Amino acid sequence: QVQLVESGGGLVQAGGSLRLSCAASGRTFSDYTAAWFRQSPGKERDIVAAISPDGDMTNYADSVKGRFTISRDSAKNMVYLQMNSLKVEDTADYYCAAPRLPRHYTLNKANYAYWGQGTQVTVSS
């Protein structure tokens, strides 16, 4: 089992920045891909960014490219999402997640078995 706990959400004005953190415990988290998803009311939960176990591969949703950066500190079992130039449409609940299998780099939500409880991000105009 992998346990994930997000923090860092809040209210920010458009154009501002936030950094989300995800603390992992349980199995060797450094063996797992880590990802951030987000979900707005009435919408599907979609992937925002993913990072490979070694941190050498990252992927971003087109809507956040150039504004968001995913990173990880394996020594601390932490994953981060730095969000800059925030827009109103970035308002959502953000979730940290890990796939079912270690060393499996995937962007497919169906492969993700471990989820945090979510942290709310609200961007005001």
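Please refer to the structure placed before this passage.
Residues numbered from 1 in each chain as written. Predicted model: local features only at pLDDT ≥ 70, side-chain atom pairs only at ≥ 80, totals over all residues. Heavy atoms only, no water.

What about the pattern of salt bridges?
Applying the stated criterion across every chain, the model contains six salt bridges. Between aspartate 31 and arginine 103 there is a salt bridge, with the nearest N and O atoms lying 3.5 Å from each other. Of this pair, aspartate 31 sits in the loop between β3 (18-26) and β4 (34-39) while arginine 103 sits in the loop between β9 (92-99) and β10 (112-115), and the two are 72 residues apart along the sequence. A residue is classified by how much of its surface remains accessible, and aspartate 31, at 30% relative accessible area, is partly exposed. The shortest N-O distance in the salt bridge between arginine 67 and aspartate 90 comes to 2.7 Å. Placement of arginine 67 in the loop between β6 (58-60) and β7 (68-73) and of aspartate 90 in the loop between β8 (78-83) and β9 is noted, with a sequence separation of 23 residues between them. You'll find arginine 67 and aspartate 90 in the same group, each marked buried. (Salt bridge = Lys/Arg side-chain N within 4 Å of Asp/Glu carboxyl O. Helix = DSSP H or I, 4+ residues; strand = E, 2+ residues; numbered from the N terminus. Buried < 20%, exposed > 50% of the residue type's maximum accessible area, 1.4 Å probe, protein only.)

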